[in-house]
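# Breakdown of the fold
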Amino acid sequence: MNKKVLIPILGLIALLIGAIAWLFVDLQSQRQANADIQELAALDKQEMENEYEQFALQYSEMKTKINNDSIVAQLSREQLRTQQLLEELKQVKATDAREIARLKKELATVRQVLRSYVLQIDSLNRLNENLQRENTQMQAVLAENTRQIEGLNSEKQSLSEKVAIAAQLDATAIQMTPLNKRGKVAKKMKDAKTLQVSFNIARNVTATAGNRTLYVRVMTPTGDVLSGGGTFAYENRQLDYSMKKVVEYGGEELAVTTYWNVAEFLGAGEYRVSIFADGNLIGTRTFAFNK
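Residues numbered from 1 in each chain as written. Predicted model: local features only at pLDDT ≥ 70, side-chain atom pairs only at ≥ 80, totals over all residues. Heavy atoms only, no water.

## A short note on the nonpolar core
Worth spelling out the cut-off: Put simply, buried Ala, Val, Leu, Ile, Met, Phe, Trp, Tyr and Cys residues joined by side-chain atoms within 4.5 Å make one nonpolar core. Whether a residue is buried, partly exposed or exposed follows from its accessible area with a 1.4 Å probe, protein chains only, as a fraction of its type maximum: under 20%, in between, or over 50%, in that order. Comment: elements are numbered from the N terminus, with helices defined as DSSP H or I runs of at least four residues and strands as E runs of at least two. Contacts: residue pairs with any heavy atoms within 4.5 Å of one another.
Counting 28 residues, the largest nonpolar core has Met176, Phe199, Val218 and Val273 as the members making the most contacts within it. Only β1 (171-179), β2 (194-201), β3 (210-219), β6 (243-249), β7 (254-261), β8 (269-277) and β9 (280-289) provide two or more residues apiece to this core. Contacts of Phe199, omitting those with residues within four sequence positions, involve Ala171, Thr172, Ala173, Ile174, Leu214, Val216, Leu254, Ala255, Val256 and Ile275. Counting 20 residues, the second-largest nonpolar core is a separate cluster that includes Met48, Val110, Tyr117 and Ile121.

Right, here's the structure in full:
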């Protein structure tokens, strides 16, 4: 074969071999990324299953503390519904984003219904306890009165704890958006100059109205927290926050937006946003940025 013909052919073969090798390496990288995303989705699904199981157990516990047949029947129906949703969740694949999102909304509804029953049962128990106390007072002696006061203190503490659970805020519709220097959505995380985190504080008529300090904590794919220059108390320790905002909350749904100025390189990967208020974790969500 002529050398002038052979050299271009050999060059083309070399290019094809290089392209095939590059495609193989890229495919392996994509497979690893998909595996990481699936693992995080599985963890999120497991957390939801744990919450559903905990709520079903709470319904069982509440039924043992009430003698009202009508309310017991309502609790049984809600418990059955919670268990059915749990079974649906167990059958759903962790990668089925639409079904996972639907069951997350159902989980929030279950939480709100459970809180309403906590308050209702507490009210009935207090009424029953008051009637018993009045009957006891008719035959009371000083020692009995002392025991009643001690019992009231214990009930007050228990009620305060349950009301605190019902009054806890919930952060929903959490979004994290990288913005470029023009304030537009950045196509690549490395081009981000500002991170915008927005969410809603859900309606909760049992919550006390007034100013609330909200802390947003953003964890990078490397496990570091984007620092906002301060800390806050959570479960007997101090945590770094990325953003902080004071809002006036009156019990109705409230939209909140916070910003973090990028001062370091941000690469692609999984970013986890956690929101805290009143010493409680009120919402969390993970975002994947592939560029």
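## A closer look at the sheet that holds β7
We apply this condition: Pairing between strands is defined by DSSP: at least two bridges between the two strands are required. Between the N-to-C directions of two axes lies an angle of 0 to 180 degrees, each axis being a line fitted to C-alpha atoms and, for a helix, fitted only over the stretch in contact.
Read from one edge of the open sheet, three strands run β1-β2-β7, paired in antiparallel fashion. The sheet is open, and its two edges are formed by β1 and β7, each paired on a single side. Each strand axis lies, on average, 15° off the axis of its neighbour in the sheet, ignoring direction. With seven bridges joining them, β1 and β2 adopt antiparallel strand pairing.

## Quick word on the side chain of Ser198
Take Ser198: it is sitting in strand β2. Setting aside residues no more than four positions away along its own chain, Ser198 makes contact with Ala173, Ile174, Gln175, Val256 and Thr257.

## Focus: the sheet that holds β8
In sheet architecture, strand pairing relies on hydrogen bonds along the backbone and comes in two forms, parallel and antiparallel. Spatially, the four strands line up as an open sheet ordered β6-β3-β8-β9, and their pairing is antiparallel. What marks the edges here is a single partner per strand, and that holds for β6 and β9. This sheet shows a mean twist of 20° between the axes of neighbouring strands, independent of strand direction. For β3 and β6, the ladder comprises seven bridges, and the chain directions are antiparallel. Bridge assignment links Thr213 to a residue of β6, and that residue is Val246.

## Side note on the pairing of strand β4 (residues 230-234)
With burial as the criterion, only one face of β4 is covered, namely that bearing Gly230, Phe232 and Tyr234; the residues Thr231 and Ala233 on the opposite face remain uncovered. As paired strands, β4 and strand β5 (residues 237-241) are joined by five bridges and run antiparallel to one another. Counted as the bridge partner of Phe232 is Leu239 from β5. A loop of two residues connects β4 with β5, the two strands running antiparallel in sequence, and Glu235 in this loop sits at a positive phi of about 50°.

## Examining the packing of aromatic side chains
As a reminder of what qualifies: Centre distance within 6.5 Å is the pairing criterion for rings of Phe, Tyr and Trp, where only the six-membered ring of Trp is used; planes under 30 degrees apart are then read as stacked, over 60 as edge-to-face, and the remainder as tilted.
This structure, assessed with the given rule, holds six aromatic pairs. Ring geometry for Tyr215 and Tyr241: centres 5.2 Å apart, planes at 50°, overall tilted. Linking Tyr215 in strand β3 with Tyr241 in strand β5, this pair joins segments that are 26 residues apart in sequence. The same class applies to Tyr215 as to Tyr241, namely buried.

## With respect to the pattern of salt bridges
For clarity, the threshold we go by: We define a salt bridge as a side-chain nitrogen of Lys or Arg found within 4 Å of a carboxyl oxygen belonging to Asp or Glu.
Considering all chains together, one arrives at nine salt bridges under this definition. Across the pair Glu53 and Lys90 runs a salt bridge whose closest N-O atoms are separated by 3.9 Å. Taken together, the residues span a long stretch of sequence, with Glu53 in helix α1 (residues 3-63) and Lys90 in helix α2 (residues 69-91) at a distance of 37 residues. Here Asp170 and Arg115 are joined by a salt bridge, their closest N and O atoms 3.5 Å apart. With Asp170 in the loop between α4 (142-166) and β1 and Arg115 in helix α3 (residues 97-137), the pair connects residues that are 55 residues apart, well separated along the chain. Salt bridges sharing common partners tie together Glu88, Glu99 and Arg102.

## Some remarks on the packing of α2 against α3
Basically, it comes down to this: For classification, angles of less than 35 degrees are called roughly parallel, those exceeding 145 degrees roughly antiparallel, those between 65 and 115 degrees roughly perpendicular, and all remaining angles oblique. Should the near helix be turned anticlockwise from the far one by less than a right angle, the crossing is termed left-handed; should it be turned clockwise, right-handed. In this classification, the charged set is Asp, Glu, Lys and Arg, the nonpolar set is Ala, Val, Leu, Ile, Met, Phe, Trp, Tyr, Cys and Pro, and all remaining amino acids, among them Gly, are polar.
In contact at an axis separation of 11 Å, α2 and α3 are set at 160° when each is read in the N-to-C sense. In terms of axis orientation, α2 runs roughly antiparallel to α3. Helix-helix and strand crossings are classified by hand; for α2 and α3 the assignment is left-handed. For the pair α2 and α3, contact is made by Ile71, Gln74, Leu75, Glu78, Arg81, Thr82, Leu85, Glu88 and Leu89 and by Ile100, Arg102, Leu103, Glu106, Thr109, Val110, Val113, Tyr117, Gln120, Ile121 and Leu124, respectively. Grouping the constituent residues of the contact of α2 with α3 by class yields eleven nonpolar, four polar and five charged.

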